[in-house]
Amino acid sequence: MNIHENYINRCVQIAKNAIPLAYPNPAVGCCIVHDDIIIGEGYTSKYGGSHAEVNAISSVRNKNLLSKSSLYVTLEPCSHFGKTPPCSDLILKYNIPRVYIGINDPNPKVSGKGVKKLKENGVHVEINILPEICKNHHKIFLTNITKKRPFIILKWAETADGYIAPKEKKIAQPIWISNEYSRQLSHKFRSEIDSILVGSKTIIDDNPRLNTRNWPGKSPKIVVLNRKNNLDKKLNIFKIDSEVLIIDEKIIDYNKNIAEQTLKYLKSKKIYSVIVEGGAQTLNTFLKENLWDEIKVFKSKKKLVNGTSAPVIQSSRFSEEKIMDDKLITYFNK
């Protein structure tokens, strides 16, 4: 990495602190550098609060240094009035001479206007620094803007012989396919997402809690595809603090495009991301309609011999990492 990439990479690290509190705003990270020393850092505040650039500039003790500094940021500074004033105006106010940006903001309210404003006022601007890393970090925001729907993750644990659940589900204790570290990581994923979606069969068979008990952070809203809206209110999802949304036949038509209709409903409820955790029928519904952005599969060395088969994935792009004796495979939609 060159020096500019190093600082943008630091901005991405900082920006992770804004997930998921910043949503629906992008979780932006920013740092300010003077003589190769970071003198200020900031990330997007909770929705309605200050943007990353504002927080970074505010953190600089000696404001006189700003006119001789460089500002690094993961996403193009805004140039419009929203809940806060334009960040580009603040950069100009303090005469920051150089701005280095990860990627453009596709939001039509910004989309090049921030860069143009800075350049027209004599600021040296460079863009597309570590663009793929920044795009991956801002994937939820970018999907919301460009595809006009929530970001979708499909997730399941799978045995070495290709099953996601035992044949007999009415059992006293759950059978864990993945290890405890994979389950903890799964809860971390939940903490970064607005909602978790499952089918009613999974709720009835497994009686899960679907919260983030193994990871600090807010639990997601629970969304259940339940055609008749007939779930027993004594089930675990109704005993915890999470908001529960039941999608019944009054909300969508269960005879066609269930995934597409579900996403439209979630968007109307201001839900910007969803992790679909089962069961097999629900996962295959999203796969069939090709409505997914990432798939996360925890592949275990355990075997079941018989059970519910894992969904079939038609994608060649993937990454792998080891979670002790498990393997986490992440697929990306082409």
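Here the structure is shown first, and the text comes after it.
I will try to describe carefully the structure that is included in this document.

Cut-offs applied
- Residues numbered from 1 in each chain as written.
- Predicted model: local features only at pLDDT ≥ 70, side-chain atom pairs only at ≥ 80, totals over all residues.
- Heavy atoms only, no water.
- Helix = DSSP H or I, 4+ residues; strand = E, 2+ residues; numbered from the N terminus.
- Rg over C-alpha atoms; globule rule 2.2 N^0.38 Å.
- Buried < 20%, exposed > 50% of the residue type's maximum accessible area, 1.4 Å probe, protein only.
- Areas by Shrake-Rupley, 256 points an atom, 1.4 Å probe, with all protein chains shown as cover.
- Lys, Arg positive; Asp, Glu negative; His and termini not counted.
- Charge placed at Lys NZ, Arg CZ, Asp CG, Glu CD.
- Phe/Tyr/Trp six-rings, centres within 6.5 Å; stacked < 30°, edge-to-face > 60°.
- Pairing = 2+ DSSP bridges.
- Axes fitted to C-alpha atoms, helices over the stretch in contact; angles between N-to-C directions.
- Contact = heavy atoms within 4.5 Å.
- Salt bridge = Lys/Arg side-chain N within 4 Å of Asp/Glu carboxyl O.
- Core = buried A, V, L, I, M, F, W, Y, C linked by side-chain atoms within 4.5 Å.
- Disulfide = S-S within 2.5 Å.

Examining the overall build of the chain
Phase 1 of the analysis: Within the chain one finds 10 helices and 15 strands.
Phase 2 of the analysis: For the chain, the C-alpha radius of gyration of 22 Å lies close to 20 Å, the compact-globule estimate for 334 residues.
Phase 3 of the analysis: Each principal axis of the C-alpha atoms in the chain carries an extent, and together these give about 70 × 45 × 35 Å.
Phase 4 of the analysis: Classification of the 334 residues of the chain by burial places 50% in the buried group.
Phase 5 of the analysis: Accessible area of the chain: about 16900 Å², with a carbon and sulfur share of 48%.
Phase 6 of the analysis: Separation between the mean location of the 52 positive side-chain charges and that of the 34 negative ones in the chain comes to 3 Å.

Concerning the packing of aromatic side chains
Phase 1 of the analysis: Under the counting rule described, the total for this entry stands at four aromatic pairs.
Phase 2 of the analysis: Relative to Tyr72, the ring of Tyr7 lies with its centre 4.9 Å away and its plane at 45 degrees, an arrangement referred to as tilted. Residue Tyr7 is found in helix H1 (residues 3-15), and its partner Tyr72 is found in strand S3 (residues 70-75); the two are separated by 65 residues along the sequence. You'll find Tyr7 and Tyr72 in the same group, each marked buried.

With respect to the sheet that holds strand S1 (residues 29-34)
Phase 1 of the analysis: As summarised here, the arrangement of the five strands in space is S2-S1-S3-S4-S5, forming an open sheet in which the pairing is mixed. Sheet topology places strand S2 (37-43) and strand S5 (124-126) at the edges, where each strand pairs with a single neighbour. Put simply, the sheet's adjacent strands are angled 15 degrees from each other on average, direction ignored.
Phase 2 of the analysis: Packed onto the sheet, helix H2 (residues 52-59) meets S1, S2 and S3 and runs at close to 140 degrees relative to S2.

Section: the pattern of salt bridges
Phase 1 of the analysis: Summed over the entire model, instances satisfying the criterion amount to 17 salt bridges.
Phase 2 of the analysis: Asp293 serves as the salt-bridge partner of Arg149, at 2.8 Å between the closest nitrogen and oxygen. Of this pair, Arg149 sits in the loop between helix H6 (139-146) and strand S6 (151-158) while Asp293 is found in the loop between helix H10 (280-288) and strand S12 (294-299), placing the two residues 144 residues apart along the sequence.
Phase 3 of the analysis: Between Lys228 and Glu249 there is a salt bridge; the shortest N-O distance is 3.3 Å. With Lys228 in the loop between strand S9 (221-225) and strand S10 (244-247) and Glu249 in the loop between S10 and helix H9 (258-268), this residue pair connects regions lying 21 residues apart in the sequence.
Phase 4 of the analysis: Here Glu249 falls in the partly exposed class, since its relative accessible area comes to 39%.
Phase 5 of the analysis: Here the salt bridges do not stand alone but share partners, grouping Lys139, Glu294 and Lys296 into one network.

Some words on H9
Phase 1 of the analysis: For H9, the full list of buried residues reads Ile258, Ala259, Gln261, Thr262, Leu263, Tyr265 and Leu266.
Phase 2 of the analysis: Where the residues of H9 are buried, they touch S6, strand S8 (195-199), S9, S10, strand S11 (273-278) and H10.
Phase 3 of the analysis: Lys270 lies just past H9 and shows a positive phi near 60 degrees.

Some points on the sheet that holds S12
Phase 1 of the analysis: Within the open sheet, the eight strands sit side by side as S10-S9-S8-S11-S6-S12-S15-S14. Their pairing is mixed. The open sheet has two free edges, formed respectively by S10 and strand S14 (318-323), since each of these has just one partner strand. Each strand of the sheet is rotated relative to its neighbour by a mean of 20 degrees, with strand direction disregarded.
Phase 2 of the analysis: Across four bridges, S9 lies against S10 in parallel orientation. If you follow Ile222 over to S10, its bridge partner there is Val244.
Phase 3 of the analysis: Against the sheet, H6 makes contact with S6, S11 and S12, and its axis sits at roughly 130 degrees relative to S6, the strand it touches most.

Some thoughts on unusual backbone geometry
Phase 1 of the analysis: In this model, Ile19 is joined to Pro20 through a cis peptide bond whose omega is -5 degrees.
Phase 2 of the analysis: Mapped onto the elements of the fold, Pro20 is located in the loop between H1 and S1.
Phase 3 of the analysis: Here the bond from Tyr23 into Pro24 is cis, since omega is 10 degrees, no more than 30 degrees from zero.
Phase 4 of the analysis: Positive phi, normally seen in glycine, also occurs at Asn290, with a value near 50 degrees.
Phase 5 of the analysis: By secondary structure assignment, the location of Asn290 is in the loop between H10 and S12.

With respect to the nonpolar core
Phase 1 of the analysis: By size, the foremost hydrophobic cluster in this structure holds 35 residues, and its most contacted members are Cys31, Ile32, Ile57, Leu71, Tyr72 and Val99.
Phase 2 of the analysis: Within the residue set of this core, elements represented by two or more residues are H1, S1, H2, S3, helix H3 (87-93), strand S4 (98-103), helix H4 (113-120) and H6.
Phase 3 of the analysis: Apart from the residues lying within four places of it in its own chain, the contact partners of Ile32 are Ile37, Ile38, Ile39, Gly40, Ala56, Ile57, Val60, Leu66, Ser69, Ser70 and Leu71.
Phase 4 of the analysis: In terms of nonpolar packing, the next biggest core, distinct from the first, is built from 32 residues, Leu245, Ala259, Leu263 and Ile313 among them.

Comments concerning the state of the cysteines
Phase 1 of the analysis: Within the structure shown, the criterion is met by zero disulfides.
Phase 2 of the analysis: Cys87 supplies the cysteine sulfur nearest to Cys78, a cysteine that is in no disulfide, at a spacing of 3.7 Å.
Phase 3 of the analysis: Accessibility expressed as a relative area gives 7% for Cys78, which makes it buried.

Quick notes on the environment of Val244
Phase 1 of the analysis: Tracing the chain through its elements places Val244 in strand S10.
Phase 2 of the analysis: Judged by relative accessible area, Val244 falls into the partly exposed class, the value being 23%.
Phase 3 of the analysis: The spacing of Val244 and Pro220 is 24 residues in sequence and 9.4 Å in space, taken between C-alpha atoms.
Phase 4 of the analysis: Those residues in contact with Val244 that lie beyond four places of it in its chain are Ile222, Ile237 and Phe238.

These results come straight from atomic positions and should not be treated as a statement about function.
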